[in-house]
Amino acid sequence: MKAYRLIAAALIFSFFLAGATHAQSNPAAVASLALYKGSDREQRLIQGAKQEGALTVYTSLTVQDTINLGNAFEKKYGIKPKFWRASSEGVLQRIVSEARAGHFDFDVVESNGPELEALHREQVLQKAWSPYDADLVPQAIMPHGEWVGTRLNMFVQIYNTKLIKKEDLPKTYQDLLDPKWKGKIGIEAGDVDWFGTVVKDMGEEKGLKFFRDLVAADGVSVRKGHTLLAGLTASGEVPFSLAVYNHNADQLKAKGAPVDWGVIQPAIVRANGAGISKKPAHPNTAVLFYDFMLSDAQAILAKNEYLTASRKTSSGILDKLQLKFVDPVTVLDQSAKWEKLFTEIFTEHQTH
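Residues numbered from 1 in each chain as written. Predicted model: local features only at pLDDT ≥ 70, side-chain atom pairs only at ≥ 80, totals over all residues. Heavy atoms only, no water.

Colleague: I tried to follow helix H6 (residues 113-121) on my own but got confused; where do I start?
Modeller: In terms of burial, H6 is a largely internal element, eight of the nine residues being buried. Among all positions in H6, only Gly 113, Pro 114, Glu 115, Leu 116, Glu 117, Ala 118, Leu 119 and His 120 are buried. Where H6 terminates, the next one or two residues include Gln 123, which has phi positive at roughly 60°. (Buried < 20%, exposed > 50% of the residue type's maximum accessible area, 1.4 Å probe, protein only. Helix = DSSP H or I, 4+ residues; strand = E, 2+ residues; numbered from the N terminus.)

Colleague: Sorry, what's going on with unusual backbone geometry here?
Modeller: Here Gln 265 and Pro 266 are connected by a cis peptide whose omega angle stands at 5°. Position of Pro 266 relative to the elements: it lies in the loop between strand E9 (259-262) and strand E10 (267-277). Non-glycine residue Gln 123 carries a positive phi angle of around 60°. Along the chain, the position of Gln 123 falls in the loop between H6 and strand E4 (125-126). Residue classification places Gln 123 among the exposed residues on the basis of a relative accessible area of 57%. Within the chain, Glu 305 stands out as a residue other than glycine whose phi angle is a positive 75°.

Colleague: Can you help me understand the pairing of strand E5 (residues 148-160) in this one?
Modeller: If a strand is regular, its side chains alternate between the two faces of the sheet. Judged by how many residues are buried, E5 sits mostly within the fold: 13 of 13 residues are covered. Pairing of E5 with E10, which is carried by seven bridges, proceeds in the antiparallel orientation. Each bridged residue has a counterpart across the sheet, and for Leu 152 the counterpart in E10 is Ala 271. Alignment of E5 against strand E11 (residues 307-308), held across two bridges, turns out to be antiparallel. Paired with Arg 151 across the strands is Thr 308, a residue of E11. Direction of pairing for E5 relative to strand E8 (residues 240-245): antiparallel, over a ladder of four bridges. (Pairing = 2+ DSSP bridges.)

What follows is the structure, encoded as structure tokens:
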């Protein structure tokens, strides 16, 4: 995760901002809205949102996800969200660039956990409370309260069912050193947080030795993008992938692709989530959307094969597995170390 590098790049990165600058809210007033716990919270927010009539969300969700969520929010509240979509790194860079130029053009941000944690450190997010917090798994609640987990990305091993039998799946990482896996394994180019978490769980010395041995023995194909990597597994070009998101595999499987997935335990899970701008142009609508992401949106995400942070829409998969959550604070603090090791082990020795 290149959060700090991206923040540095943002200092010299600029955007042409057309039109009038948004009228930004008083931070104290925003905090009062975001932390209000009265029983009339939703009613008050709806009244304010009707006067604002707009919402801007920066997100790394897929286009289809933004359509689904936007349509549902508009149907319920009569306000059509405007989504600006990019990679999680792109979302981070744009917000930091705009904030340092004095612009807070986003009302809500929805993205990966480490990037949201970086935005917390940049002091651009508003601490918030929601009546739906109680429905969430504990790991979705951040101590500082400036962003909250909405969906859980579980890293799984996806395989092509025409090329690999279920009974042949590895039960441990060491099983992958068997010569039968030579030339069959792929990994996503940005999975530094997964890599670092697995290595630390193994014990750093042992974990680093394993991955070096794996690359030396089998070769590992490095590809950019979990969706691409899952698709290459479905096509048979990369028969077995070390880490894609569970929803990547489930969505392909639902469409009839010859893929399935398994997990070498503990399953590595990363909370992705949402946060409210400290100076939103549409504060009532921003807080209303924040609550929406923890309530109605949870069922919408679950329908599209996501693991949700809410226990009310959880599929129960998490209860059946040993879990290890990625710590976004550690990812930020040790990003340079793990990026360097990942590059040395995988990228500099990649095979296609």
